[in-house]
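# Architecture and fold: a report
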Amino acid sequence: MVKKMSKFEGLTVSPSQVELWNPELPVSGQGFRCQRGEFVTYWKQGRIAREVRSHLCRCWILRYQESLVGYLTLLADKLTVQSPWLETEQVQYRTFPAIKIGLLATDKRVKGAGSCLVEWAIEYIVQTLSPVVGVRFLTVDALYDPDTGYDSSGFYQKLGFRLVNPDESLPP
């Protein structure tokens, strides 16, 4: 008997491996196996490349050799709340500048890649973006698919994200 080894067998990832991606960087996505198939399609059919070229987002990747391990896109956003969140700082605004995680996709064979990308993004925003553009919030539309039961909200909550409206009912 022979056991077929995954190309990612034993691979560990760290935030230091995250790199800014541009469409000229040779990362095909061949063999990329994400739990959500449409995220593979977005990569392979050029949606991410088109959005990067159009300056709608920026994309960062994790890769192993020339194989895509995962990607994350960041774009400008705003956060609107019902009551002022920063009253203790004497800020009365109800709309705040934010950065949004647009897409987060990782190869399901690499444990910890999603957390690695999000932790990298938080550090990047705090250390690099916030001091120059005055942004304080990171948002994400956690994906819920009622047809399959897929729900990414728990993943983000484990990383410290909170619901903007805690009274909002969550999917079953």
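The shown structure was predicted, so the numbers you read here are calculated from the model rather than taken from an experiment.

## Some words on the packing of aromatic side chains
One pass over the full model with this rule turns up 10 aromatic pairs. Ring centres of Phe32 and Tyr71 lie 6.2 Å apart, and the angle between their planes is 40°; on these two criteria the pair is classed as tilted. Remark: Tyr71 occurs in strand β3 (residues 67-80) and Phe32 occurs in the loop between β1 (19-21) and α1 (37-44); sequence separation between them is 39 residues. Across this residue pair, the class does not change: Phe32 and Tyr71 are buried. Between Phe155 and Tyr156 the ring centres are 5.0 Å apart and the planes differ by 80°, which places this aromatic pair in the edge-to-face class.

## Comments concerning unusual backbone geometry
Even without being a glycine, His55 presents a positive backbone phi close to 60°. Here His55 lies in the loop between α2 (47-53) and β2 (58-64). The exposure class assigned to His55 is exposed, which follows from its relative accessible area of 60%. Located in the positive-phi region is Gln65, a residue other than glycine, with phi close to 55°. Assignment of secondary structure puts Gln65 in the loop between β2 and β3.

Conventions adopted
Residues numbered from 1 in each chain as written. Predicted model: local features only at pLDDT ≥ 70, side-chain atom pairs only at ≥ 80, totals over all residues. Heavy atoms only, no water. Phe/Tyr/Trp six-rings, centres within 6.5 Å; stacked < 30°, edge-to-face > 60°. Helix = DSSP H or I, 4+ residues; strand = E, 2+ residues; numbered from the N terminus. Buried < 20%, exposed > 50% of the residue type's maximum accessible area, 1.4 Å probe, protein only.

Purely geometric numbers; function is a separate question.
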